[in-house]
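Per-entry structural report
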Amino acid sequence: MPTLRQSLLPSARARCPVGSSGGDGEVEAGFAKLQGEDFEYYMQTYSIMLGRNSKKSTVDVDLSSLGGGMNISRHHARIFYDFQRRRFALDVIGKNGCLVEGVLHLPREPTC
């Protein structure tokens, strides 16, 4: 199973989506960098899908080249910026879980 490490880059000002808090409509938000042994990806949006590409669907980050084969679901995990909590969060969707910095996160387990 591929291992990912998530780290925050310096924060940048960003517009809040409708309904989020913030007096002037702006909030400090960082951008994430995902990093593994032979892997690096900079998030350029507030939500990305990780998994493996198929004929039926594509993902933002295709993990199939990192090994794991069919243990990686088509939609394995989602990393998103939670504006209310002001941090990135991980939503594990794949049935096999996701290993982040040596910690196994199981499907639908609240993770931040």
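The following refers to the structure shown. (Residues numbered from 1 in each chain as written. Predicted model: local features only at pLDDT ≥ 70, side-chain atom pairs only at ≥ 80, totals over all residues. Heavy atoms only, no water.)

A few points about unusual backbone geometry
Its identity as a non-glycine residue notwithstanding, Arg86 has a phi of 60°, on the positive side. Of note, Glu101 is a non-glycine position whose phi angle comes to about 50°, a positive value. Tracing the backbone through its elements, the reader meets Glu101 in the loop between β10 (98-100) and β11 (103-105). (Helix = DSSP H or I, 4+ residues; strand = E, 2+ residues; numbered from the N terminus.)

Looking at the sheet that holds strand β6 (residues 47-51)
Pairing is mixed across the open sheet formed by 4 strands, whose spatial order is β7-β6-β8-β9. Two strands close off the open sheet at either side, each with one partner strand: β7 (61-62) and β9 (87-92). Pairing analysis gives 2 bridges linking β6 to β7, with the strands arranged parallel. Residue pairing across strands places Gly51 opposite Asp62, the latter belonging to β7. (Pairing = 2+ DSSP bridges.)

Focus: the side chain of Arg52
Secondary-structure assignment places Arg52 in the loop between β6 and β7. For Arg52, which is buried and forms no salt bridge, the nearest opposite charge comes from Asp62, at a distance of 7.4 Å. There is a polar contact of 2.6 Å between the side chain of Arg52 and the backbone oxygen of Ile72. Residues contacting Arg52, with those up to four places away along its chain left out, are Val59, Asp62, Ser64, Gly69, Met70, Ile72, Ser73 and Arg74. (Buried < 20%, exposed > 50% of the residue type's maximum accessible area, 1.4 Å probe, protein only. Lys, Arg positive; Asp, Glu negative; His and termini not counted. Salt bridge = Lys/Arg side-chain N within 4 Å of Asp/Glu carboxyl O. Polar contact = N/O pair within 3.5 Å; in protein donor to acceptor, adjacent residues only side chain to side chain. Contact = heavy atoms within 4.5 Å.)

Things to note about the environment of Gly51
Looking at where Gly51 falls in the secondary structure, it is placed in strand β6. With a relative accessible area of 0%, Gly51 lands in the buried category. Spatially, the C-alpha atoms of Gly51 and Val61 are 6.4 Å apart, while their sequence positions differ by 10 residues. Residue contacts for Gly51: discarding those within four places in its chain leaves Val59, Val61, Asp62, Leu63, Ser64, Ile72, Ser73, Arg74 and His76.

Section: the nonpolar core
One finds Ile48, Leu50 and Ile79 to be the most contacted residues of the largest nonpolar core, which totals 18 residues. Mapped onto this core, the elements with two or more residues apiece are β4 (32-36), β6, β8 (75-82), β9 and β10. (Core = buried A, V, L, I, M, F, W, Y, C linked by side-chain atoms within 4.5 Å.)

Quick word on the pairing of β4
Where burial is concerned, most of β4 is hidden: 4 out of the 5 residues are buried. For β4 and strand β5 (residues 39-42), the ladder comprises 4 bridges, and the chain directions are antiparallel. Looking at the pairing, Gln35 lines up with Glu40 of β5. The turn linking β4 back onto β5 is made up of 2 residues.

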